[in-house]
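# Architecture and fold: a report
Here is how the chains run, residue by residue.
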Amino acid sequence: MKKTLPLILSTSFALTILAGCQDQPTPEERLDAYIKLWEKQDYDKMYADYASEQTKQTYGKKEFIERTKKLTDSLDIKELSVKRLKSPESDDQDKAALPVEISFETTAGPVSYEKQVPLTFEKQGDTENWYINWDSSFVLKDFKKEDKVQLTTIEAKRGDLLDSNDRPLATTGTGYQVGATAGQVDDLSTLATLLDRPVSAIEDALGASWVKDGQFVPLKTLAADDRSQLTRLKQVDGVTVKETEVRTYPFGKATSHLIGYIGSATADDIKQSKETIQPGEQVGKRGLEQVLDETLRGKSGARIEIIKPDDSTVAVAETEAKDGQDIQLTIDGTLQQQTYNAMKEDPGTAAAIDPRTGETRVLLSSPGFDPSEFTTGISQARLDALTNNPDQPLLNRFTSAFAPGSTQKPLTAAVGLKSGTLDPEQAYTIDGLKTKVDGFNVTRIHETPDPVNLHNALVYSDNVYFAKSTLEQLGTETFTSGLQALGYGEKIPFTYPMRASQISNDGSIASDGQLMDTSYGQGQMLTNILHLASMYEIFLTDGIIYRPTLLTDEKTKQVWKQDLLDAKDAAMIRDDLYDVVHAGFPLPADIPEVKVAGKTGTAELKKAGEENGQENGFFVGYDDDKKDLLVAIMIESVEQEDRGSPYVSGLVADVLKSHAKK
């Protein structure tokens, strides 16, 4: 023990001496520790533990922390890196200036610069240490306390949507964007009145999560000729009016559902895009503007500038915009307009395709709406009027599916002929307008000349014939598999999302009654208008359905379905469809200008307890000479004014006549 004790005492004494002589951190060590907090953007600790007295007096805690954090958030500063550079030795015991390289990513691109970081050795409380003389240039080079920072979105030019003849369906013109600077508008009531929007809507826009004080928030776009309103808006404090590009739609209502419209990006749009969309950017809100938005929109650029008190600017970073691409459609804009005019804004839908290639020439829903109302900022009152309109102009009918009525009959015949189960010459003797088939009442509109074979059944649209022949010759399994071969229950391979046609709600046929109803397009069967037109291709292509295309850069004549009908049977049904118009009951489609062939269809929609329901009228037709356009039109409520499906045949004939004049 006597040998050990002196050693212990000696060691303890040595530690005491070392502790008493331990040096304070060097400026380099102090800055290295500070850099770790800086890269983490831990401004609270940077201020509390490292800010010099001069810094605290000049900026204060609130400005140091809150202003810096807000600027960091607004500019989306990320990947902050600070590297201390080699510095010459200094003999100054109280001051040091150490060089660093600062780099980071922003909304407008990368920023990198070198800076001298001044440090002061001073006493704060009971502690003497090196402290940082911080200033605004730690955040951005050349940024001073009295300066402002401006972030500007540089919008890319949106690509045009063109028709098959290079005519614009959606293009860009000049207008004015009205917006408010967040935090600078006092008279919201006047602004709301001038913009025809409720105060709450403006408050919501200015209070969106992405909005920062001092940021321009777009509220409405006005046409260039709206001079008086623009003048009044400029007089409201905090309101800015900027010349801007305005999306225009030359075909208006006729293409409104297909083309859609654009509007300012919402917080949800920005979030869902993973921040590829910038605040205030115009994005597709409906139709192809939305479906093809990423290609049309391109990529916005951004600019960060420091605004000096004398309004001079210092560039910080800039990313150039990448313009969107033009997209050409197979749509014939003139034919689309003529079809819309022919329908006289009656509720309904239409599709027209080139049966030789599968290219879509017309796709519309009626009535339409003025897309420019939405692009420039529709008022709530106007939106309510459109929403409450009984004709539902905002409803896109061509994406939906409807009971096809008797337009299904040629397709039912095709299934039977291809399967070899339907004998076109087998005839039925049918008496009266109502007949019991297997215990079910089946009604036909007209008495058909006896005996009723396939030809007479198609020409005179005899429900009883199709009920009997489908029940007795085809059967449920053959009929169901044949409909599936036509594409029922399958997603339509088309650029624009469409509802699939259905055999029934669950895809099966559960009873003989349902089998018979489905054979003539009733029951639970629903058919999309474009699919209906596409299926009629089999009568002109000898059994092929081409994939319907909408973009001119898509390959045409892509076979979607094939071997659906033999050539001789296709020719036979073509003869029957010609006779529907020219040898059956008189139809408005029987015109001298065009030899129209096709099929009518009426689907009755009864609600529970109703004796008579709404009737939707259909006609699918083509020019029997040219065979270069298949047109399908559906009009709702044809029972009104006793028009029926014959009326719709006249509309298709008008479209084919317009097409024939080209």
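Shown above is the structure to which this text applies.
The text that follows walks through the structure, step by step, so that each part is easy to find.

Rules and cut-offs
Residues numbered from 1 in each chain as written. Predicted model: local features only at pLDDT ≥ 70, side-chain atom pairs only at ≥ 80, totals over all residues. Heavy atoms only, no water. Helix = DSSP H or I, 4+ residues; strand = E, 2+ residues; numbered from the N terminus. Rg over C-alpha atoms; globule rule 2.2 N^0.38 Å. Buried < 20%, exposed > 50% of the residue type's maximum accessible area, 1.4 Å probe, protein only. Areas by Shrake-Rupley, 256 points an atom, 1.4 Å probe, with all protein chains shown as cover. Lys, Arg positive; Asp, Glu negative; His and termini not counted. Charge placed at Lys NZ, Arg CZ, Asp CG, Glu CD. Axes fitted to C-alpha atoms, helices over the stretch in contact; angles between N-to-C directions. Parallel < 35°, antiparallel > 145°, perpendicular 65-115°, else oblique. Left-handed = near helix turned anticlockwise from the far one by under 90°. Contact = heavy atoms within 4.5 Å. Nonpolar A, V, L, I, M, F, W, Y, C, P; charged D, E, K, R; others polar. Salt bridge = Lys/Arg side-chain N within 4 Å of Asp/Glu carboxyl O. Pairing = 2+ DSSP bridges. Phe/Tyr/Trp six-rings, centres within 6.5 Å; stacked < 30°, edge-to-face > 60°. Lys NZ or Arg CZ within 6 Å of the ring centre and 35° of its normal. Patch = residues over 30% accessible without salt bridge, like charges linked within 9 Å, V, L, I, M, F, W, Y side chains within 5 Å. Core = buried A, V, L, I, M, F, W, Y, C linked by side-chain atoms within 4.5 Å.

### Let's talk about the overall build of the chain
Assigned secondary structure in the chain consists of 24 helices and 23 strands. Its C-alpha atoms give the chain a radius of gyration of 37 Å, more than 25% over the compact-globule value 26 Å for 662 residues. Counting only C-alpha atoms and orienting by the principal axes, one finds that the chain spans roughly 130 × 80 × 45 Å. The buried share of the chain, reckoned over its 662 residues, is 53%. Carbon and sulfur atoms make up 46% of the accessible area of the chain, which totals about 30600 Å². For the chain, the centre of its 73 positive side-chain charges and the centre of its 104 negative side-chain charges are spaced 4 Å apart.

### Here we look at the packing of helix H3 (residues 43-50) against helix H5 (residues 60-74)
Here H3 crosses H5 at 150 degrees, and the two axes come no closer than 9 Å. The orientation of H3 relative to H5 falls into the category roughly antiparallel. Taken as a pair, H3 and H5 cross one another with a handedness that is right-handed. Of H5, the residues touching H3 (which contributes Tyr43, Asp44, Met46 and Tyr47) are Gly60, Lys61, Phe64, Ile65, Thr68, Lys69 and Thr72. For the contact of H3 with H5, the residue count by class is five nonpolar, three polar and three charged.

### Quick notes on the pattern of salt bridges
Counted under the stated rule, the structure contains 31 salt bridges. Of the charged contacts, one joins Glu490 and Lys561 as a salt bridge, the two residues approaching to 2.6 Å between their closest N and O atoms. In this pair, Glu490 sits in the loop between helix H19 (476-485) and helix H20 (512-519) while Lys561 sits in strand E20 (residues 559-561), placing the two residues 71 residues apart along the sequence. Given a relative accessible area of 14%, Lys561 falls into the buried group. Residues Asp569 and Lys568 are paired through a salt bridge, measuring 3.3 Å at the closest nitrogen-oxygen approach. By sharing partners, the salt bridges in this structure join Arg158, Asp160, Arg247, Glu289, Asp293 and Arg297 into a single network.

### What to know about the sheet that holds strand E22 (residues 614-623)
On the basis of which strands lie adjacent, the open sheet formed by five strands has the order E16-E15-E23-E22-E21 and antiparallel pairing. Each edge of the sheet is formed by a strand with only one pairing partner; in this case those strands are strand E16 (360-366) and strand E21 (596-605). The mean inter-strand angle of the sheet, taken between neighbouring strand axes irrespective of direction, is 10 degrees. Strand direction decides the pairing type here: E22 and strand E23 (residues 630-635), joined by six bridges, are antiparallel. Residue Phe619 lies in a different strand from E23, and its bridge partner there is Ile633. Those strands touched by helix H13 (residues 333-342) are strand E15 (348-353), E16 and E23, and its axis lies near 35 degrees from that of E16.

### Some details on the packing of aromatic side chains
Evaluation of the coordinates by the stated rule reveals 16 aromatic pairs. Look at Tyr465 and Phe466: their rings are 5.2 Å apart centre to centre, the planes differ by 85 degrees, and that puts the pair in the edge-to-face class. Every member of this aromatic cluster is reached through a ring pair, and the members are Tyr34, Trp38, Tyr47, Tyr50, Tyr59, Phe64, Trp134 and Phe138. The ring of Tyr131 has Arg30 lying over it, and the distance from NZ or CZ to the ring centre is 5.1 Å. Its end group placed over the ring of Tyr647, Arg643 keeps NZ or CZ at 4.5 Å from the ring centre.

### A closer look at a negative patch on the surface
Together, Glu89, Asp91, Asp92 and Asp94 give the surface a local cluster of negative charge. On the secondary structure map, Glu89 appears in the loop between strand E1 (78-84) and strand E2 (95-106).

### Notes on the environment of Thr313
Mapped onto the fold, Thr313 is located in strand E13 (residues 313-319). Owing to a relative accessible area of 44%, Thr313 belongs among the partly exposed residues under this scheme. Put simply, Thr313 and Asp147 are 166 residues apart on the chain and 9.7 Å apart in space, counted from C-alpha to C-alpha. Filtering out sequence-adjacent residues up to four positions away, Thr313 remains in contact with Glu305, Ile306 and Ile307.

### Some words on the sheet that holds strand E5 (residues 148-154)
Read from one edge to the other, the open sheet built from three strands follows the order E5-E12-E13, with strand pairing classed as antiparallel. Either end of the sheet is taken by a strand with one partner, and the two such strands are E5 and E13. Sheet twist, expressed as the mean angle between neighbouring strand axes with direction ignored, is 20 degrees. Bridge analysis of E5 against strand E12 (residues 301-307) gives seven bridges, and the strand direction is antiparallel. Bridged to Val149 within E12 is Ile306.

### Digging into the environment of Lys141
Assignment of secondary structure puts Lys141 in the loop between strand E4 (127-132) and E5. Separated by 304 residues in the primary sequence, Lys141 and Ile445 have C-alpha atoms spaced 84 Å apart.

### Concerning the nonpolar core
Formed by 83 residues in total, the largest nonpolar core has its most connected members in Leu161, Leu329 and Leu486. In this structure Leu486 touches Leu411, Val415, His531, Met535, Ile538, Ile545, Lys561 and Leu564, once residues within four positions along its chain are discounted. Trp38, Leu71, Ile132 and Ala302 belong to the second largest nonpolar core, which has 40 residues in total.

### Re the pairing of E13
As judged from the six bridges shared by E12 and E13, these two strands associate in the antiparallel manner. Bridge pairing links Ile304 to Ala317 in E13. Once E12 ends, the chain turns through five residues before running back antiparallel as E13, passing Asp311 with a positive phi of about 70 degrees.

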